[in-house]
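The lines below spell out each chain.
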Amino acid sequence: TAARTPRHFLDLRDFDGATLRAILDLGSRIKRMQHGRARPLHPRQPLLGRALGLMLSKPSTRTRVSFEVGMRQLGGDVILLSPNDMQIGRGETIADTARVLSRFVDAIVLRTGDTAALHELARWASVPVINGLTPASHPVQILADIMTFEEHRGPIAGQTLAWVGDGNNVATSLIEAAALFGFRLRLATPATHAPSDDALAWARLAGADITVTTDPRAAVAGAACVITDTWVSMSDTDAAQRLVAFAPYRVDAALMANAAPDALFMHCLPAHIGEEVTEDVFEGPRSVVFDEAENRLHAQKGLLVWAMAGERWQDYGQED
Ligand code: CP
Ligand code: NVA
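Below you will find a few notes about this structure. All values derive from a computational prediction rather than experimental measurement.

**Examining the site of ligand 2**
Part 1 of the reasoning: Around ligand 2 sit Leu133, Asn168, Asn169, Asp229, Thr230, Ser233, Met234 and Leu269, and those are all the residues in its vicinity.
Part 2 of the reasoning: With respect to ligand 2, the side chain of Asn168 contributes an N or O atom lying 3.3 Å from a nitrogen atom.
Part 3 of the reasoning: Taking Asn169, its side chain carries an N or O atom lying 2.8 Å from an oxygen atom of ligand 2.
Part 4 of the reasoning: For ligand 2, the accessible surface in isolation is 270 Å², of which the surrounding protein chains cover 94%.
Part 5 of the reasoning: When atom positions are compared with the pocket grids, ligand 2 is found to occupy the largest pocket.
Part 6 of the reasoning: A per-class count over the shell around ligand 2 returns three nonpolar, four polar and one charged.

**Things to note about the sheet that holds strand β3 (residues 107-111)**
Part 1 of the reasoning: Strand order in this open sheet of four strands is β2-β1-β3-β4, and the pairing throughout is parallel. Both edges of this open sheet fall to β2 (77-81) and β4 (129-131), since each of them pairs with a single strand only. The sheet shows a mean angle of 20° between the axes of neighbouring strands, taken without regard to direction.
Part 2 of the reasoning: In terms of strand pairing, β3 meets β4 through three bridges, oriented parallel. Following the sheet pairing, Val109 is matched in β4 by Ile130.
Part 3 of the reasoning: Across the sheet, helix α4 (residues 115-124) lies against β3 and β4, angled at about 160° from β4, the strand it touches most.

**Concerning the pattern of salt bridges**
Part 1 of the reasoning: Going through the model one piece at a time under the given rule, you end up with 16 salt bridges.
Part 2 of the reasoning: Of the charged contacts, one joins Asp96 and Arg99 as a salt bridge, the two residues approaching to 2.7 Å between their closest N and O atoms. Residue Asp96 and its partner Arg99 are both found in helix α3 (residues 94-104); the two are separated by three residues, about one turn of the helix.
Part 3 of the reasoning: Asp166 is paired through a salt bridge with Arg242; the nearest N and O atoms lie 2.9 Å apart. Linking Asp166 in the loop between β5 (160-164) and α6 (169-181) with Arg242 in helix α9 (residues 239-245), this pair joins segments that are 76 residues apart in sequence. Of the two residues examined, Asp166 and Arg242, each falls in the buried class.

Reading the values: the criteria
Residues numbered from 1 in each chain as written. Chains lettered and ligands numbered in written order. Predicted model: local features only at pLDDT ≥ 70, side-chain atom pairs only at ≥ 80, totals over all residues. Heavy atoms only, no water. Near = heavy atom within 4 Å. Polar contact = N/O pair within 3.5 Å; in protein donor to acceptor, adjacent residues only side chain to side chain. Areas by Shrake-Rupley, 256 points an atom, 1.4 Å probe, with all protein chains shown as cover. 1 Å grid on protein atoms, 1.4 Å probe; cavity = no way out; pocket = protein on both sides within 12 Å on 5 of 7 lines; lining within 4 Å. Sits in = over half its atoms within 2 Å of the grid points. Nonpolar A, V, L, I, M, F, W, Y, C, P; charged D, E, K, R; others polar. Pairing = 2+ DSSP bridges. Helix = DSSP H or I, 4+ residues; strand = E, 2+ residues; numbered from the N terminus. Axes fitted to C-alpha atoms, helices over the stretch in contact; angles between N-to-C directions. Contact = heavy atoms within 4.5 Å. Salt bridge = Lys/Arg side-chain N within 4 Å of Asp/Glu carboxyl O. Buried < 20%, exposed > 50% of the residue type's maximum accessible area, 1.4 Å probe, protein only.

Shown next as structure tokens:
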């Protein structure tokens, strides 16, 4: 039988906007069906009998718990794989690990500090591989961010979003999303920490309206949402210099005052209060950071069903 390409989820740019939209719609539908702990779960469990391998070589709170709980709520099992406890920690190759895991589990989430390892795993795995963050991108986070924006403000297409701070992995996935979901994006970063040229070139070629500046006030002017992230990512080793370079990029009340009057504040978390964001903004009425964290669960449930439930994945929940 001809080998079929597994439904990998490595980067947003591998998709067309319609597929990502369908994944988010499914996540929202499941959210409505299953929301609230007091209500019984929907009896149908689309991933009953499936297993997800969660392979995390970096710390994680949201990614780990949202994939683990999400998979269980869909009726499936989760195996937490800590690379240090696996033979990969003593030299078994990614190629062999991928082929072995593919015989046991139905999809693999990988968080790694080595972006090439994600692509190597995907090359050899015959089951879907999902990017749970690399130093280069964080696509599952941006699915949740789009769901969150739209829950609060309606369709994201045509809106203006601002990114302030580091041109990092999360920024790269946001840039790709600007092209695929049709929103305008303004990024303010120090020149030394500019967003990925490659992501910018790809998104602009795909028609995105993206501005890059070093001026945070210019970036947030009139924006419907201001987004930031830590100044020191897990893959960064130059924390001291970063705290200096990013000091002018702190999101505070004065900066938010330049955005649209009802502008949302988002942050993928974990946050460092007093560094990239002040406490009044983080705790303020326009901050939707905990909705955003919750939506990791809902968006990824759509993604898990897409990846593992077969050709009729979009039918789930439609008949109710
Ligand atoms: N936002 C995010 O990915 O959080 P974790 O590092 O806790 O998974
Ligand atoms: N940019 C951050 C995101 C953490 C979820 C990091 O890579 O550490």
